[in-house]
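# Structural characterization, general
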2 protein chains.
Amino acid sequence: MQNLDQLATETADRLEWLAEFGKDPQGGVSRLLYTKEWVEGQNALKEWIESEGLEARFDEVGSLFGTLKGKNTNETVLTGSHVDTVKNGGRFDGAYGIVAGILALKYLKKHFGQPVRNIEVVSMAEEEGSRFPYSFWGSKNIVGIAKREDVENINDFDGVPFVQAMENAGFGFRDESKGPREDLKAFVEVHVEQGSVLETEKISVGVVNNIVGQRRYTVEITGEANHAGTTPMGYRKDAVFAASQMIYEIISMSRETGDPLVTTVGKIEALPNIVNVVPGKAIFTIDVRHTDKEALVAFTEQMTAKMQDISEEHTVEMTIDMWMDEDPVPMNQQVVELIEKQCKDNGLNYKLMHSGAGHDSQIFAPVVPTAMLFVPSLKGISHNPAEFTEPTDLAEGVKALIGALYELGYKE
Amino acid sequence: MQNLDQLATETADRLEWLAEFGKDPQGGVSRLLYTKEWVEGQNALKEWIESEGLEARFDEVGSLFGTLKGKNTNETVLTGSHVDTVKNGGRFDGAYGIVAGILALKYLKKHFGQPVRNIEVVSMAEEEGSRFPYSFWGSKNIVGIAKREDVENINDFDGVPFVQAMENAGFGFRDESKGPREDLKAFVEVHVEQGSVLETEKISVGVVNNIVGQRRYTVEITGEANHAGTTPMGYRKDAVFAASQMIYEIISMSRETGDPLVTTVGKIEALPNIVNVVPGKAIFTIDVRHTDKEALVAFTEQMTAKMQDISEEHTVEMTIDMWMDEDPVPMNQQVVELIEKQCKDNGLNYKLMHSGAGHDSQIFAPVVPTAMLFVPSLKGISHNPAEFTEPTDLAEGVKALIGALYELGYKE
């Protein structure tokens, strides 16, 4: 590939530029769905897309598309990611996939002209669920599974209704009587890893073959609140003592089971939460992920049984509520192999890996051949103003994308 | 003893009467230092004391005394407890000691006339620390260890300064240039157990021989916050995982060590406390109590060493801050034996036991021969509107107090 010295600088500069839309005085970027900053960011991206000689359009809900039209306009290869951020997020998560896509299309147009089929970049309206209690609003509308009833009655933390915010931003519901678009032949998403495997192994590009399945639980242990001084140990039903044994044992079990299984107790609360009161209640969450559905189920069954045993030993009550249960989403074998071959042929320093985080790609994968590319994240930091990827690694990711889009878009 | 059938009813009725002062619409009693309800309660007690033919007076800070004068007015036997409550507390904690004292003095005056030395009941201004960040204001002023500088700059949760509240209630600082009173020969406090040992063992009266020492800690574990999905288990410094192992092991160690050692982790917090983020910080409190100083020190040293080992295994940082370190306070051997003998002679169903909670008695004990009497608490409930003791048990406690005060006050 020619003229790629400037690619690192151009990518890094564009990410800083986009980060201005939603720059948060408390740090990082807060560009939430349908806010003023979000509208300005999408409009700025539209201008950039058009300045590169690509056709730009919004869909009904506010995702922005930039198209390099092909000879066959009935087929489209799509790339891109989400334009929204979490509150006080970094400037790479989602944004990098959009910027990489626009730069890839610009490069392909310049060097190879008109492709066989459309090559399109999308800046998806929303993925994070950071403003309203709904996520993947962009991708779910593209593949046609988002429903108006899912969002008609939801509000943000300030009580602003979703529909009002959407209409104030100039957008509206898609026409659910029409089916989703049928021209998509592939979707390739470029994203920052949000983990530290690539950095630790000193590899520049991750070719993603699988997105983990995950199960999330809330566990509530009920013992008996008591005076910390006057209640002998043998009389107690200490909910924190029971919860501690459970957490220690299930995370130990997860570590013994080994990669790629991950288990996290991120949230914990004791009641009444007073230094001199034996806690009568303990509530905690569990987040378990694995690339293999059977393995995920087997582990969570083992985990639940272990917690049941412990609650009985401690004579406390336990309720477990599984409120998220997402299957793993394998990427498309052929697209993955195509990308791998591109990486090899172009001498990129890459490895095959899974994604431990959810992405728009998991929404596309069941209906469109999909794959993802990762670039390293400094110390795995994400959802944080300190999120960072070296410009040279950003460029490697764009190079890998260019190669993939070339294979997918310019070959008959 | 004669005429004790009515004692149960009279005690229970007086506790309900006193509970009206500070009755909280959200439940129970909230009678906090220097509030309007507190002033009204003290004034109502003063009227009752005077109606029984006893001399009533306030000290400078607002503790109320009722005296049955003796032949020798240079010696005084004191009984009583604290008039303040926690927010939404019960009607027995503190109040019972005051009511029992007034009823005991009334009985003794009626049946035995003038004692050898003064017998006095005190309704102490404050003990709980429930309004201002200072506790034992009543007892510490009586024994002369409270200092104006301790409270001059403190405010309650609404920002009201201590001094302003004290002066608005009509009270002020004691004269620190004068030493404390020197006439106290003994102090006997009657209190509800706030535990469930007496109830479980079906015993009516506890003769307290020791108040536990206690040490309280705040422990802060610092690991590394990370993405719950993309961070392999081997890369983590999970502060909640480390904290859970610590809590499980130190409470297990405490249970193995056995009574009277008690260890409680009442408060716990994870940061950032989000379901899908490996917690970078965990903060928890530890409350350890024992009747024997050496045993308390030995256990807490073992506990600290164990936690240090665990933090090293987990490669997390740990800070431990011991912010309370109170020695056990043995009760006076002679007074305890005198009370025990009284209980035996009067056929009371009693046992010797320690107090796992702090009381005004721990403030008196270093300077005045002191002992305590407990009566059972229903299910050990305290600091709660559901706090309860059967009227018959209340009466047993008053009987034991009458016996003790008779021995201490009427014998040469």
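Residues numbered from 1 in each chain as written. Chains lettered and ligands numbered in written order. Predicted model: local features only at pLDDT ≥ 70, side-chain atom pairs only at ≥ 80, totals over all residues. Heavy atoms only, no water.

As recorded in an unreviewed UniProt entry, chain A goes by the name Allantoate deiminase, listed as coming from Sporosarcina soli.

## Observations regarding the interface of chain A and chain B
Let me state the cut-off plainly: Note on definitions: a residue-residue contact is assigned when non-hydrogen atoms from the two residues lie within 4.5 Å. Accessible area that two parts lose when put together, with a 1.4 Å probe and added across both, is what the buried area reports. For this analysis, a salt bridge means a side-chain nitrogen from Lys or Arg found within 4 Å of a carboxyl oxygen belonging to Asp or Glu. Polar contacts, as used here, are pairs of N or O atoms within 3.5 Å; protein pairs need one atom able to donate a hydrogen and one able to accept it. Residues neighboring in sequence count only if both atoms are side-chain atoms. Put simply, DSSP H or I for four residues or longer makes a helix, DSSP E for two residues or longer makes a strand, and each gets a number counted from the N terminus.
The interface of chain A with chain B comprises 54 residues on the first partner and 54 residues on the second. A combined buried area of about 4600 Å² lies between chain A and chain B, and 60% of that area is made up of carbon and sulfur atoms. Run the count over chain A and chain B and you get zero salt bridges. Connecting chain A to chain B are 13 residue pairs in polar contact (both at pLDDT 80 or more). For the side of chain A that touches chain B, the secondary structure elements donating two or more residues are α7 (197-201), β8 (226-227), α8 (239-257), β9 (262-264), β10 (268-271), β11 (277-278) and β12 (281-290) of chain A.

## Comments concerning the packing of helix α8 (residues 239-257) of chain B against helix α9 (residues 293-313) of chain B
All names here are of chain B. Put simply, the rule reads: Whenever a helix is involved, its axis is fitted only over the stretch in contact; in every case the axis is a line through C-alpha atoms, and angles between N-to-C directions fall within 0 to 180 degrees. Every angle not falling under 35 degrees, over 145, or within 65 to 115 is termed oblique; those three ranges are roughly parallel, roughly antiparallel and roughly perpendicular. Left-handed describes a crossing whose near helix is turned anticlockwise from the far helix by less than a right angle; the clockwise case is right-handed.
Contact pair α8 / α9: the axes reach a minimum separation of 10 Å and the direction vectors enclose 150 degrees. Put simply, α8 runs roughly antiparallel to α9. Helix-helix and strand crossings are classified by hand; for α8 and α9 the assignment is right-handed. Facing Ala-242, Gln-245, Met-246, Glu-249, Ile-250, Met-253, Ser-254 and Thr-257 of α8, the residues of α9 in contact are Phe-299, Gln-302, Met-303, Lys-306, Met-307, Ile-310, Ser-311 and Glu-313.

## Examining the environment of Leu338(B)
Residue and element names in this part refer to chain B. Definition in use: Exposure classes here rest on a 1.4 Å probe applied to the protein chains alone. A residue is buried below 20% of its type maximum, exposed above 50%, and partly exposed in between.
With respect to the helices, strands and loops of the structure, Leu-338 is situated in helix α10 (residues 333-345). The class for Leu-338 is partly exposed, based on a relative accessible area of 21%. With 67 residues separating them along the chain, Leu-338 and Leu-405 place their C-alpha atoms 10.0 Å apart. Contact partners of Leu-338, with chain neighbours within four places excluded, come to Ala-404, Glu-407 and Leu-408.

## Here's the deal with helix α2 (residues 36-51) of chain B
Residues and elements named next belong to chain B. Our working rule: An expected span of 1.5 Å times one less than the residue number is assigned to each helix.
A rise of 1.5 Å per residue sets the reference length of α2, with its 16 residues, at 22 Å; its end C-alpha atoms lie 23 Å apart and thus fit the reference within 8%. Lining the buried residues of α2 we find α1 (5-19), β1 (55-58), β2 (64-68), α3 (95-112) and β4 (117-124). Gly-53 sits one or two residues past α2 and shows a positive phi near 80 degrees.

## Looking at the relation of the copies chain A and chain B
What counts here: In this comparison the copies share one frame, found by least squares on the C-alpha atoms of residues holding pLDDT of at least 70 in both.
Take chain A, turn it by 180 degrees, move it 0.0 Å along the axis, and it overlays chain B with an RMSD of 0.1 Å. Seen this way, the second copy is the image of the first under a two-fold rotation axis. Distance from the rotation axis, computed per C-alpha, reaches its smallest value in chain A at Ser244(A): 2.2 Å. Mapped onto chain B, 100% of the interface residues of chain A again fall at the interface, so both copies present the same surface.

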